[in-house]
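Structure at a glance
If you want the building blocks of each chain, they are given just below.
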Amino acid sequence: MKSSRLQNHWQRLPEAEVRRLQAEKLRHYLRTVVIPFSPRYRDLFREQDLDADSIRTLDDLQRLPFTKKSDLLPAPEHPERFKEFIITPDPAALARRPATILRAVLHGREKVEAELAAEFRPVSLFFTTGRSAEPLAFLLTRRDLDNMTSASRRLMEVCGAGPEFRMLNAFPFAPHLAFWFTHYAGVSFGTLTVSSGGGKVLGTEGNLRLIKKLNPDAIAGVPTFIYHLLQQAIEGKVRCDNLKIIALGGEKTSDGLRRKLRDMAGELGARNVNVLSIYGFTEGKLAWAECPFPHDQESGGYHLYPDLGIIEIVDPKTGRAVPTGQPGEIVFTPLDARGTVVLRYRTGDYTDGGLAYEPCPYCGRTLPRLVGRISRSSEIREMHLDKLKGTLVDFNELEHVLDDAPHIGAWQLELRKAGDDPFNLDELVLHVSKTDSTPDPQLSRELHERFYSQTEVHPNQILFHSNAEMCRLLGVGVVMKEQKVVDHRPRPNGDAPASAVKPELNKTL
Ligand SMILES: [Zn+2]
């Protein structure tokens, strides 16, 4: 209840007050938790000659160096570097804390010991997801799960869910944030939730049976799987007329996909569906949602929880924080996390809108919001399409272009080498499935034009597939990040191509 009241208080504050309270909370967190008990940050603060009081305002955060994913990856001389980021309290130091002593006097030693265990002892372990990067392990304590419970309940409020809702959680069952955050969202909000585990556990058939049985008000999952599921539901003439919210996570959501999913829900008998996007990452142990907005308007952005974490937007090249409302890379600092803790964590995600503090035009909350489109900053790839020079292709932009394209449903971009020769030119193959009976040559022409007008690059080949073949290519329902862009280029040193390194990603339904 405490955090609910806190949230109600925070969501009515102006920008300056939010930032002041965040700085105050950060100082307290650094002083009592991070600097004393995090091996990594204890050393780092010492090396940089900083302490908690060095952070007077949020602008002072910039005095702290960033933490990057590579800082947690094992190195040959240091195979378990991620352990340095785990909050590991010293029992003697804890026993000396005035608050601990006072509580022990008031409530007895046993109760205090139980509280400390709940605060610091890891009880769960999640892994990061990514198309190419090595997964990282993140430990969570009971306190982290409590914060996740509070955040996920707020996420349900932001989405406009009701406690009487029935929800289908179709995220892949895995030790990943999306599945568990959705599970906690249902439990904490008091909503009947069935977690199907996605396509891998129950198959598309099993998920369809659940839709028939449950007639859900909300469905949450990965966009490509939800698309596939609704398509199958339409083919099977399933009714799903209670549906009000489709919540999508794990991949970005384009306007084109929202429109398609709304139309499909309409065919299932659901006339007024909000397709809402969820953004989150394991390293932050949090996820944020959009509130419902009119279909012909721009999203109000992801509504943040300012008491649980700080989001900064920085220039990805210089690392300098950008002014409110400017685009840049998303950087996260928790305010109450235990277990594995990273400060000023560079997500590698880029927002073209930045932060907004004015009241949300749709729900009126004055929570900070992350607005605009979010994309992976690492998805601009160099391709050698002709012999003269490399061409930079922005795959983020291409994904939006393809999601918005008429007549096509699922798609995949494949990068190959001509003749599988690592020294030859790169080739771009577009795999698509059609949503209607547009003739292949006509659609092929339209896609070529659309592709070229946005990227000045032509795909070498456009291949048409059935829905089932596309699902197999994409790993629909099996993986968190479905493989919309796959790199099958062999490397000159004889290494396997990037997407062949993880065999589990190539499993089929
Ligand atoms: Zn809103």
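Note that this is a predicted model, so its numbers are computed, not measured. (Residues numbered from 1 in each chain as written. Predicted model: local features only at pLDDT ≥ 70, side-chain atom pairs only at ≥ 80, totals over all residues. Heavy atoms only, no water.)

**Concerning the domain arrangement of the protein chain**
- Entries for the protein chain in the domain assignment read domain 1 (11–138), domain 2 (161–290) and domain 3 (378–506).
- At the junction of the two partners, domain 2 supplies 23 residues and domain 3 supplies 23 residues.
- Considering only the surface of domain 2 that becomes buried against domain 3, Thr 224, Lys 252 and Lys 260 emerge as the three largest contributors, covering 29% of it.
- Taken together, the connections running from domain 2 to domain 3 amount to zero salt bridges.
- Counting the contacts that link domain 2 with domain 3 gives five residue pairs in polar contact (both at pLDDT 80 or more).
- For the side of domain 2 that touches domain 3, the secondary-structure elements that each account for two or more residues are helix H10 (199–214), helix H11 (223–235) and helix H12 (255–267).
- Residue contributions to the side of domain 2 that touches domain 3 peak at six residues, all from H11.
- Within the side of domain 2 that touches domain 3, the residues separate by chemical class into seven nonpolar, nine polar and seven charged. (Domains from an automatic or database assignment. Contact = heavy atoms within 4.5 Å. Buried area = accessible area lost by both parts, 1.4 Å probe. Salt bridge = Lys/Arg side-chain N within 4 Å of Asp/Glu carboxyl O. Polar contact = N/O pair within 3.5 Å; in protein donor to acceptor, adjacent residues only side chain to side chain. Helix = DSSP H or I, 4+ residues; strand = E, 2+ residues; numbered from the N terminus. Nonpolar A, V, L, I, M, F, W, Y, C, P; charged D, E, K, R; others polar.)

**With respect to the coordination of the zinc ion**
- Note on the zinc ion: its protein donors are Cys 291 (SG), His 303 (NE2), Cys 360 (SG) and Cys 363 (SG). The metal-donor distances range over 2.1 to 2.3 Å.
- For the zinc ion, the four donor atoms are set out with angles of 102 to 121° between them, so the coordination reads as tetrahedral.
- Spacing between the donor residues of the zinc ion along their common chain follows C-x11-H-x56-C-x2-C. Linking His 303 in strand S9 (residues 302–303) with Cys 363 in the loop between strand S13 (354–356) and strand S14 (369–371), this pair joins segments that are 60 residues apart in sequence.
- Residue class for Cys 363 comes out partly exposed when judged on its relative accessible area of 32%. (Donors = N, O, S within 2.8 Å, 3.2 Å for Na, K, Ca; no water. Tetrahedral: all angles 85-135°; square planar, octahedral: opposite > 155°, others 65-115°. Buried < 20%, exposed > 50% of the residue type's maximum accessible area, 1.4 Å probe, protein only.)

**A word on the pairing of strand S11 (residues 328–334)**
- For S11, the tally of buried residues reaches seven of seven residues, placing the bulk of the element in the interior.
- With six bridges joining them, strand S10 (residues 309–314) and S11 adopt antiparallel strand pairing. Within the sheet, the bridge partner assigned to Ile 313 lies in S11 and is Ile 330.
- By the bridge criterion, four bridges tie S11 to strand S12 (residues 345–351) in an arrangement that is antiparallel. The residue bridging Gly 328 from the neighbouring strand is Thr 351, located in S12. (Pairing = 2+ DSSP bridges.)

**As for the nonpolar core**
- Membership of the largest hydrophobic core comes to 52 residues, with the highest contact counts inside it found for Trp 288, Ile 311 and Leu 370.
- Taken together, domain 1 (11–138) and domain 2 (161–290) each give at least three residues to this core, which thus spans both.
- If sequence neighbours within four positions are ignored, Trp 288 has contacts with Leu 155, Ser 277, Ile 278, Tyr 279, Gly 280, Phe 281, Tyr 302, His 303, Leu 304, Tyr 305, Ile 311 and Phe 332.
- Among the nonpolar cores identified, the runner-up in size contains 33 residues, and Ala 23, Tyr 29, Leu 64 and Ile 310 belong to it. (Core = buried A, V, L, I, M, F, W, Y, C linked by side-chain atoms within 4.5 Å.)

**As for the packing of aromatic side chains**
- Inspection of the entire model under this criterion finds 13 aromatic pairs.
- When the centroid spacing of 5.8 Å and the interplanar angle of 75° are considered together, the rings of Tyr 41 and Phe 85 count as edge-to-face. In this pair, Tyr 41 is assigned in helix H3 (residues 39–47) and Phe 85 in the loop between helix H4 (69–72) and helix H5 (91–96), connecting sequence segments 44 residues apart. Of the two residues, Tyr 41 and Phe 85, both sit in the buried class.
- Site record: aromatic cluster; members linked through ring pairs are Tyr 279, Phe 281, Trp 288, Tyr 302, Tyr 305 and Phe 332.
- Looking at Lys 244, its charged tip hangs above the ring of Phe 165, at a distance of 5.4 Å from the centre.
- A cation over an aromatic ring shows up here: Lys 434 above the ring of Phe 464, its NZ or CZ 5.7 Å from the ring centre. (Phe/Tyr/Trp six-rings, centres within 6.5 Å; stacked < 30°, edge-to-face > 60°. Lys NZ or Arg CZ within 6 Å of the ring centre and 35° of its normal.)

**Let's talk about the environment of Val 331**
- By secondary structure assignment, the location of Val 331 is in strand S11.
- When its relative accessible area of 0% is taken as the criterion, Val 331 is described as buried.
- Sequence separation between Val 331 and Ala 321 is ten residues; the distance between their C-alpha atoms is 9.4 Å.
- Excluding residues that lie within four positions of it along the chain, Val 331 makes contacts with Phe 66, Ile 310, Ile 311, Glu 312, Val 314, Arg 344, Tyr 345 and Arg 346.

**Notes on the packing of H11 against H12**
- Taken N-terminus to C-terminus, the directions of H11 and H12 make an angle of 25°; their axes are 9 Å apart at the nearest point. Classified by the interaxial angle, the pair formed by H11 and H12 is roughly parallel. You can see that H11 and H12 cross each other, and the crossing is left-handed. Residue-level inspection shows Pro 223, Ile 226, Tyr 227, Leu 230, Gln 231 and Ile 234 of H11 in contact with H12, the latter providing Leu 257, Lys 260, Leu 261, Met 264, Ala 265 and Glu 267.
- When the residues that make up the contact of H11 with H12 are grouped by side-chain class, the tally is nine nonpolar, one polar and two charged. (Axes fitted to C-alpha atoms, helices over the stretch in contact; angles between N-to-C directions. Parallel < 35°, antiparallel > 145°, perpendicular 65-115°, else oblique. Left-handed = near helix turned anticlockwise from the far one by under 90°.)

**What to know about the sheet that holds S11**
- Read across the sheet, four strands follow the order S10-S11-S12-S15 without closing on themselves; strand pairing throughout is antiparallel. Looking at strand neighbours, the two that pair on one side only are S10 and strand S15 (374–376), the edges of this open sheet. Here the average twist between neighbouring strands, direction ignored, is 40°.

**Some details on H12**
- Taking 1.5 Å per residue as the helical rise, H12 with its 13 residues ought to reach 18 Å, and the 19 Å between its terminal C-alpha atoms agrees with that figure.
- Gly 256, Leu 257, Arg 258, Lys 260, Leu 261, Arg 262, Met 264, Ala 265 and Gly 266 are the residues of H12 that are buried.
- Of the surrounding secondary structure, the elements contacted by the buried residues of H12 are H11, strand S6 (245–248), strand S7 (274–281), helix H13 (395–403) and strand S18 (408–417). (Expected span 1.5 Å × (residues − 1).)

**Some words on the confidence of the model for the protein chain**
- The predicted model of the protein chain has a mean per-residue pLDDT of 87, with 91% of residues at 70 or higher.
- Across residues 1–6, confidence stays below pLDDT 50; counting only partners more than four residues off in sequence or on other chains, it has five contacts.
- Contacts for the low-pLDDT stretch residues 494–509, under 50 throughout, to residues beyond four places or in other chains number 34 contacts. (pLDDT = per-residue confidence, 0-100.)

**Here we look at the sheet that holds strand S20 (residues 461–464)**
- The strand order across the open sheet formed by four strands is S20-S19-S18-S21, and the pairing between neighbours is mixed. Looking at the sheet topology across the chains shown, the edges are occupied by S20 and strand S21 (485–487). Strand-to-strand twist in this sheet, taken as the mean axis angle between neighbours without regard to direction, amounts to 20°.
- Where strand S19 (residues 426–434) meets S20, four bridges bridge the pair, whose relative direction is parallel. The residue bridging His 431 from the neighbouring strand is Leu 463, located in S20.

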